[in-house]
Amino acid sequence: MLDVANLQSGDTVFVSNAASSVGILAGQIARLKGAKKVIGSAGSASKIDYLVKELGFDAALDYHDSSFKDNLRDLAPDGIDVYFDNVGGKQLEAVIDVMNPFGRIALCGAVVSPDGAFEGVTNLVLAIGKRLTLKGFNVMDHLSRGPSFQAEFSKWLAEGAIKYSETVIEGIELAPQSFVDLLAGKFLGKVVVKL
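Residues numbered from 1 in each chain as written. Predicted model: local features only at pLDDT ≥ 70, side-chain atom pairs only at ≥ 80, totals over all residues. Heavy atoms only, no water.

Chemist: Would you mind showing me how to read the environment of valine 168 here?
Modeler: Summarising the element assignment, valine 168 is placed in strand E7 (residues 166-170). For valine 168, a relative accessible area of 42% corresponds to the partly exposed category. Excluding residues within four positions of it along the chain, valine 168 makes contact with Val192 and Lys194. (Helix = DSSP H or I, 4+ residues; strand = E, 2+ residues; numbered from the N terminus. Buried < 20%, exposed > 50% of the residue type's maximum accessible area, 1.4 Å probe, protein only. Contact = heavy atoms within 4.5 Å.)

Chemist: Before we go on, may I ask you to explain the packing of aromatic side chains in this structure?
Modeler: Geometry of an aromatic ring pair is reported as the spacing of the ring centres plus the angle between the planes. For the structure on display, the rule yields 4 aromatic pairs. Taken together, a centroid distance of 6.2 Å and an interplanar angle of 65° make the contact between phenylalanine 14 and phenylalanine 68 edge-to-face. In this pair, phenylalanine 14 is assigned in strand E1 (residues 12-15) and phenylalanine 68 in helix H3 (residues 68-75), connecting sequence segments 54 residues apart. Since its relative accessible area comes to 0%, phenylalanine 14 is described here as buried. (Phe/Tyr/Trp six-rings, centres within 6.5 Å; stacked < 30°, edge-to-face > 60°.)

Chemist: Got a minute to help me understand the side chain of aspartate 11 in this structure?
Modeler: Looking at the secondary structure, you find aspartate 11 in the segment before E1. One polar contact links aspartate 11 to arginine 104, side chain to side chain, over a distance of 2.5 Å. (Polar contact = N/O pair within 3.5 Å; in protein donor to acceptor, adjacent residues only side chain to side chain.)

Chemist: Would you mind showing me how to read the environment of glycine 27 here?
Modeler: In this structure, glycine 27 sits in helix H1 (residues 21-32). On the basis of relative accessibility, which here comes to 1%, the residue glycine 27 falls in the buried class. Through-space distance from the C-alpha of glycine 27 to that of phenylalanine 84 is 8.6 Å; in sequence the pair is 57 residues apart. Ignoring sequence-local partners within four residues, the contact set of glycine 27 consists of Val15, Val38 and Phe57.

Chemist: I'm lost on the nonpolar core in this one. Help?
Modeler: Within soluble globular proteins, side chains that are nonpolar generally end up buried alongside one another. Core analysis: the biggest nonpolar cluster contains 28 residues, and Met1, Leu7, Val13, Val15, Ala30 and Leu51 have the highest contact counts within it. Among the secondary structure elements, those contributing two or more residues to this core are E1, H1, strand E2 (37-42), helix H2 (45-54), strand E4 (80-85) and helix H6 (146-159). Of the residues forming this core, the biggest block, 5 residues, is contributed by H1. Dropping the residues within four chain positions of it, valine 15 is found in contact with Met1, Gly23, Ala26, Gly27, Ile39, Gly40, Ser41, Phe84 and Asn86. Counting residues in each nonpolar core, the second largest holds 19 residues, with Ala76, Ile80, Val87 and Leu132 among its members. (Core = buried A, V, L, I, M, F, W, Y, C linked by side-chain atoms within 4.5 Å.)

Chemist: I keep staring at unusual backbone geometry and nothing clicks. Help me out?
Modeler: What you tend to see is this: most non-glycine residues have negative phi, and most peptide bonds are trans. The phi dihedral of phenylalanine 102 falls on the positive side, at around 65°, and the residue is not glycine. With respect to the secondary-structure elements, phenylalanine 102 resides in strand E5 (residues 99-107). Positive phi, close to 55°, is recorded for arginine 131, a residue that is not glycine. Here arginine 131 is to be found in the loop between helix H5 (126-129) and strand E6 (133-136).

Chemist: How should I be thinking about the side chain of asparagine 123 in this particular structure?
Modeler: Tracing the chain through its elements places asparagine 123 in the loop between E5 and H5. Residue asparagine 123 is classed as buried on the basis of its relative accessible area of 9%. Within polar-contact distance, the side chain of asparagine 123 engages the backbone oxygen of glutamate 93 at 2.8 Å.

Following this line, the structure appears as structure tokens:
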């Protein structure tokens, strides 16, 4: 959110898959670091309620909705400055339409369809006209930030400024099905298989 998306105070932020372990943190960190508005997407009404009522997102919408792009535009009438992308595909395509000029997109993840293919994006040409920055990354690029992040994150947890959700599955034999269920969106937050 900070190093890759270059979050600035007053930005409007959108986080896809916002009820995942990464999305939950990305949205809350955006808020704690000065975002004007934080919007997320999730796959069920209960997850949307959790994002708004428990985590303090300003709004959230269901990515299954056929009017997703229009709903996103309604929630961000002044456009989106930062997109933390956990899924790619059709959500990335919709957000590119709603992004402000010089917006920044942190490419964190991409979801594979059931047939093993990635969804394409048909409007990437708009990134040129809007002068968007799209930057992929992974945690290995930022290991040097570990100590400072740990100190700040620990403080937020102690103060109750950040919330975290975790589901624990008992038994290694359930790991394969748990992974399938995770990708199907059946869990909220982090999923851990306890040996």
